[in-house]
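Coordinate analysis (summary)
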Amino acid sequence: MILRPMNEVCLRTAEPYEAGVLTALTRRSKAHWGYPQATLDRMAGMLSISSATIRDGHVVVAERDGVVTGYYQITGEPPHGELADLFLEPEAIGTGLGRTLWEHAVDSAHSAGFHTLTLESDPHAEGFYLRMGAERIGEREVAPGRTLPVLRVAFHTA
């Protein structure tokens, strides 16, 4: 039996059966930023993760005391990938969990042979990614009147 201190974060590969849990977490996380329900309803498809995506992709969850509190997903093939998702439970925002997931994602991507990771950030999260070392490289219109910052992190190779 492995004993872990209470509140220690455990990072592990997501399981396909967790698609519903991760979808619900994604929607709570997005709602944290005060988006109107009508907007969240319109984004429902984009705020979902399927069991097939989990099974076929690189999705890592963070758990605290056996409860999923966040996750990230990397897509693409080396040398250029995308951080497709990084979501936290609202109460975990600002606790350092985002940094933990970010650092794990960057290390995992670099180890897998990626040279860059690109992401489309929610405007509310752009500052976080900039503090983590990403650079803004542009923006993309995802819906009429809705533009998202596009950021990238490049890995230094020896």
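Remember, it's a predicted structure, so these values are computed and weren't measured experimentally.

Conventions and cut-offs
Residues numbered from 1 in each chain as written. Predicted model: local features only at pLDDT ≥ 70, side-chain atom pairs only at ≥ 80, totals over all residues. Heavy atoms only, no water. Helix = DSSP H or I, 4+ residues; strand = E, 2+ residues; numbered from the N terminus. Rg over C-alpha atoms; globule rule 2.2 N^0.38 Å. Buried < 20%, exposed > 50% of the residue type's maximum accessible area, 1.4 Å probe, protein only. Contact = heavy atoms within 4.5 Å. Lys, Arg positive; Asp, Glu negative; His and termini not counted. Charge placed at Lys NZ, Arg CZ, Asp CG, Glu CD. Salt bridge = Lys/Arg side-chain N within 4 Å of Asp/Glu carboxyl O. Pairing = 2+ DSSP bridges. Axes fitted to C-alpha atoms, helices over the stretch in contact; angles between N-to-C directions. Expected span 1.5 Å × (residues − 1). Arc of directions from axis to C-beta.

Some remarks on the overall build of the protein chain
- On a plain count of helices and strands, the protein chain comes out with 5 helices and 7 strands.
- Put simply, the protein chain runs from its N terminus to its C terminus through helices and strands in the order β-α-α-α-β-β-β-α-β-α-β-β.
- The C-alpha atoms of the protein chain give 16 Å as radius of gyration, which agrees with the globular expectation for 158 residues (15 Å, within 12%).
- Residues classed as buried in the protein chain amount to 40% of the 158 residues present.
- Pairs at least 24 apart in sequence give 62% of the contacts found in the protein chain among residues at least 6 apart.
- Each charge class in the protein chain can be summarised by its mean position, and for the 14 positive and 20 negative side chains these summaries are 3 Å apart.

Overview of the pattern of salt bridges
- Counted by the stated rule, this structure contains 11 salt bridges.
- Notably, a salt bridge pairs Arg 12 with Glu 63, separated by 2.9 Å at the nearest N-O pair. With Arg 12 in strand β1 (residues 9-13) and Glu 63 in strand β2 (residues 58-64), this pair connects stretches of sequence that are 51 residues apart.
- For the salt bridge of Glu 103 with Arg 99, the shortest nitrogen-to-oxygen distance reads 3.5 Å. Placement of the pair is Glu 103 and Arg 99 together in helix α4 (residues 97-111), with a separation of 4 residues, close to one helical turn.
- A relative accessible area of 39% places Glu 103 in the partly exposed class.
- For Arg 99, a relative accessible area of 43% corresponds to the partly exposed category.
- One network of salt bridges, with partners in common, ties together Arg 12, Glu 18 and Glu 63.

Quick notes on unusual backbone geometry
- With an omega dihedral of 15 degrees, the bond running from Pro 78 to Pro 79 counts as a cis peptide bond.
- Counting through the fold element by element, Pro 79 comes out in the loop between β3 (67-77) and β4 (80-88).
- For Asp 65, which is not a glycine, the phi torsion comes out positive at approximately 50 degrees.
- Here Asp 65 shows up in the loop between β2 and β3.

Looking at the sheet that holds strand β6 (residues 135-143)
- Spatial ordering of the open sheet is given by β1-β2-β3-β4-β5-β7-β6, a layout of 7 strands whose pairing is mixed. Only two strands of the sheet have a single neighbouring strand rather than two, namely β1 and β6. Direction aside, neighbouring strands of the sheet carry axes that sit 25 degrees apart on average.
- Bridge count between β1 and β2: 5 bridges; the pairing is antiparallel. Looking at the pairing, Thr 13 lines up with Val 60 of β2.
- On top of the sheet, helix α1 (residues 19-31) reaches β2, β3, β4 and β7 (146-154); it is set at about 95 degrees to β3, its chief contact.

A short note on α1
- Under the 1.5 Å per step criterion, the end-to-end length of α1 is 18 Å for 13 residues, consistent within 8% with the ideal 18 Å.
- Burial in α1 covers these residues: Ala 19, Leu 22, Thr 23, Leu 25, Thr 26, Ser 29 and Lys 30. Buried positions in α1, seen along its axis, are confined to an arc of 160 degrees and lie on one side of it.
- Packing partners of the buried residues in α1 comprise α2 (37-42), α3 (51-56), β2, β3, β4 and β7.

What about α4?
- Relative to the 21 Å expected for 15 residues at 1.5 Å per residue, α4 spans 21 Å between its end C-alpha atoms, a close match to the ideal helical length.
- When we look at burial in α4, the residues that qualify are Leu 97, Gly 98, Leu 101, Trp 102, Ala 105, Val 106 and Ala 109. One side of α4 carries all its buried residues, which in axial view fall inside an arc of 165 degrees. Turned more than 90 degrees from where α4 packs its buried face, Asp 107 and Ser 111 sit exposed.

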